[in-house]
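# Coordinate analysis (summary)
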Amino acid sequence: MKAMVVWNGRMSLFLGRSEKGGTDMKRMAAAIVGFVVGGAALATGLEAAESSLPANSDAMLTIRKGTWFADKPDERQDVALRLRRLNGNWVPVFSGATVKGANSSHMGFVTASRSGPDGESLTLRVHLEADPWIGGEAEAGYKVRFAVAGGQCQGTWTGVVHGVGCGGSVSGAVETAQAVAGFKPPQPGEHPRLLIRKTDLPALRAKAETPWGQDMLQQLKSDKGILAQAFVYAVTGDKAVVPGVQEKILKSLDNHEWFHIGIAHAAAFTVAEHLMAYDLIYDACDESFRQRIQDSLADKLDFYYWGAQNTQFNPQDTSNWSLMYRSGLGLMAMTAMDYPPDTPPVAPKEFPRLKPPSELKPGAGVPVVPLSLEKPLDAWIYAGPVTEGLNDDALREAGGVAGARPEVGTKAGDCVFQSMAETNIVNGNVNLAVLTKRKSLRGCYLYCVVEVGRAGYYRLESMSALTKGVRHRVFYLNGHRMETGDAVYLDTGKYPLMARIFTEPVGGWEPLSFWASLALTSEQKAMAWYAVKAGGPAADALCGTRWRDDLYRATGWNPESWGYAQMAALKLERYCMRGLG
């Protein structure tokens, strides 16, 4: 537990946390919870009006029969939402759960609101997260109307779930919450804001001018730790220490120390320490350095939320895994909260139905693999490890990753396609450790021609031998982009199939295995998958097609990052309540 708090005794003394220089476990949780809740007071962009509710209150609302598994529309589940009202406004970010459905926490946003003496009207956009074991992902938009009497809520909802219009009743409870006295939320662009606030700097600089402060400052200057050096800059403005801090952060990124390599817990500690240091030197960093951090954060937010995709990860609320990685997640999210939101993926306009290309002629060395319903695809040619980024395309000269029809000898970036030795694929399991030479975060391209002997609905299945190891994988079946779990209808014939894979850093002893298959599925299950994909745009339409951009403009905060910070705060609160008691 001590390792999670990364500042040292000297800094604790300087900040006035402890006369003995001891660590303070609560500050990590308080920083995240305070920022997420307090930050919401900024400017929600939502309508504030006279209300029957207290200006500061917590609402637990249950959307009765508000979701269902896409292939079981008659078995509906309640959705429990936890919202907060602060200074007369609804906080735009909230969390939810479906205990009897997908046993995961869900991220939601208030995209519009109206408060009045007759009750509350809220428009909510919710991503219902899949359960790791049983699925259950959905996109939902709800328009909720309820009144409050005696602390109890009663009302109705209408909305869109899985792209289908629906409705029902709402119930719940509201209780008064205490605002944090004297707390002023940070403004977008304010730095530092994690370990200390910008408003703390004048008092800290005044303390540094005292004899005691001068002595303590000298001790901090002699401390070569990254956080001590960054703190020295924040207090003194001495830019001479900044290059050393930046060098340590970049070296950590280049050595993949933000991944779970070596000691499994170390990544969360490293991220926490380095992001607090970055926050302290932020205004001395140029745009290229800031962009490097931004790219790293965008790549790893979900990675930390899901426990670094590690088979040993214990996601339970009482686990120290959850405490450490979700603390790292919260600091990542708070660092990224004022970055512009990403463009969401485009959902298919209609269910994909593919026909084999009439002109297809497999090139030299390209295997034609009859589709088997009993085993994965067991023959490929490959190119890798290719030096490129996730958004690059090493096959641009060959027609692009979606359209390329390579053969043995075709160039892919700084590699060429070659045949795969039989020893590197066993029962369809491809040994990526050999193919990538264990060079992480590099592209690896696998290509074959799939022969479909039976027309029907198929589901793309692809797994690594471990839940970690494969950082990114995407497939192009006759140019149609697919990810694991996607469904498609295929006529009989031959189809080109390209797989683009990136491996993540793991220990040198760990296997890196990959397989892929097109598994026959039913029309009902295929259409259930499509209902989930098509549900996003329908739910967005209910909430306003540009709700992400609107929320960002109104608040200055990236809604997805804000949501991740909310989820981290929730997990830390649960750890403190259930793990510590």
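Residues numbered from 1 in each chain as written. Predicted model: local features only at pLDDT ≥ 70, side-chain atom pairs only at ≥ 80, totals over all residues. Heavy atoms only, no water.

This part is about the overall build of the protein. Helix and strand content of the protein: 13 helices and 24 strands. Here the protein holds 581 residues, and 53% of them are scored as buried. A sequence separation of at least 24 residues applies to 71% of the contacts in the protein between residues at least 6 apart. Of the roughly 25,400 Å² that the protein leaves accessible, carbon and sulfur atoms contribute 51%. (Helix = DSSP H or I, 4+ residues; strand = E, 2+ residues; numbered from the N terminus. Buried < 20%, exposed > 50% of the residue type's maximum accessible area, 1.4 Å probe, protein only. Contact = heavy atoms within 4.5 Å. Areas by Shrake-Rupley, 256 points an atom, 1.4 Å probe, with all protein chains shown as cover.)

Judged by nonpolar contacts, the single largest core of 72 residues is most densely connected at Phe 14, Phe 231 and Tyr 304. Considering every element that reaches this core, the biggest residue donor is helix α7 (residues 266-281), with ten residues. Contact partners of Phe 231, with chain neighbours within four places excluded, come to Met 11, Phe 14, Leu 15, Ile 196, Leu 204, Leu 220 and Leu 280. Listed in part, the 34 residues of the second largest apolar core include Leu 354, Cys 444, Met 482 and Val 506. (Core = buried A, V, L, I, M, F, W, Y, C linked by side-chain atoms within 4.5 Å.)

So, about the side chain of Thr 503. Relative to the assigned elements, Thr 503 resides in strand β23 (residues 493-503). Sequence-distant contacts of Thr 503, defined by excluding residues within four places in its chain, comprise Leu 432, Thr 436, Lys 439, Ser 440, Leu 441, Arg 442, Gly 469, Val 470, Arg 471 and Leu 512.

Attention now moves to the state of the cysteines. On inspection of all chains with the given rule, the structure shows zero disulfides. Free of any disulfide, Cys 415 has its nearest cysteine sulfur in Cys 444, 8.6 Å distant. (Disulfide = S-S within 2.5 Å.)

So, about the environment of Asp 393. Structurally, Asp 393 is set in the loop between β12 (381-386) and β13 (411-412). Owing to a relative accessible area of 17%, Asp 393 belongs among the buried residues under this scheme. Placed 107 residues apart in sequence, Asp 393 and Arg 500 show a C-alpha to C-alpha distance of 9.8 Å. Ignoring any residue separated from it by four or fewer positions in sequence, one finds Asp 393 in contact with Glu 388, Gly 400, Val 401 and Tyr 445.

A separate point is the confidence of the model for the protein. On average, residues of the protein score 86 in pLDDT, and 88% of them reach the 70 mark or higher. Considering only residues more than four positions removed or in separate chains, one finds that residues 39-48, a stretch of pLDDT under 50, has 39 contacts. (pLDDT = per-residue confidence, 0-100.)

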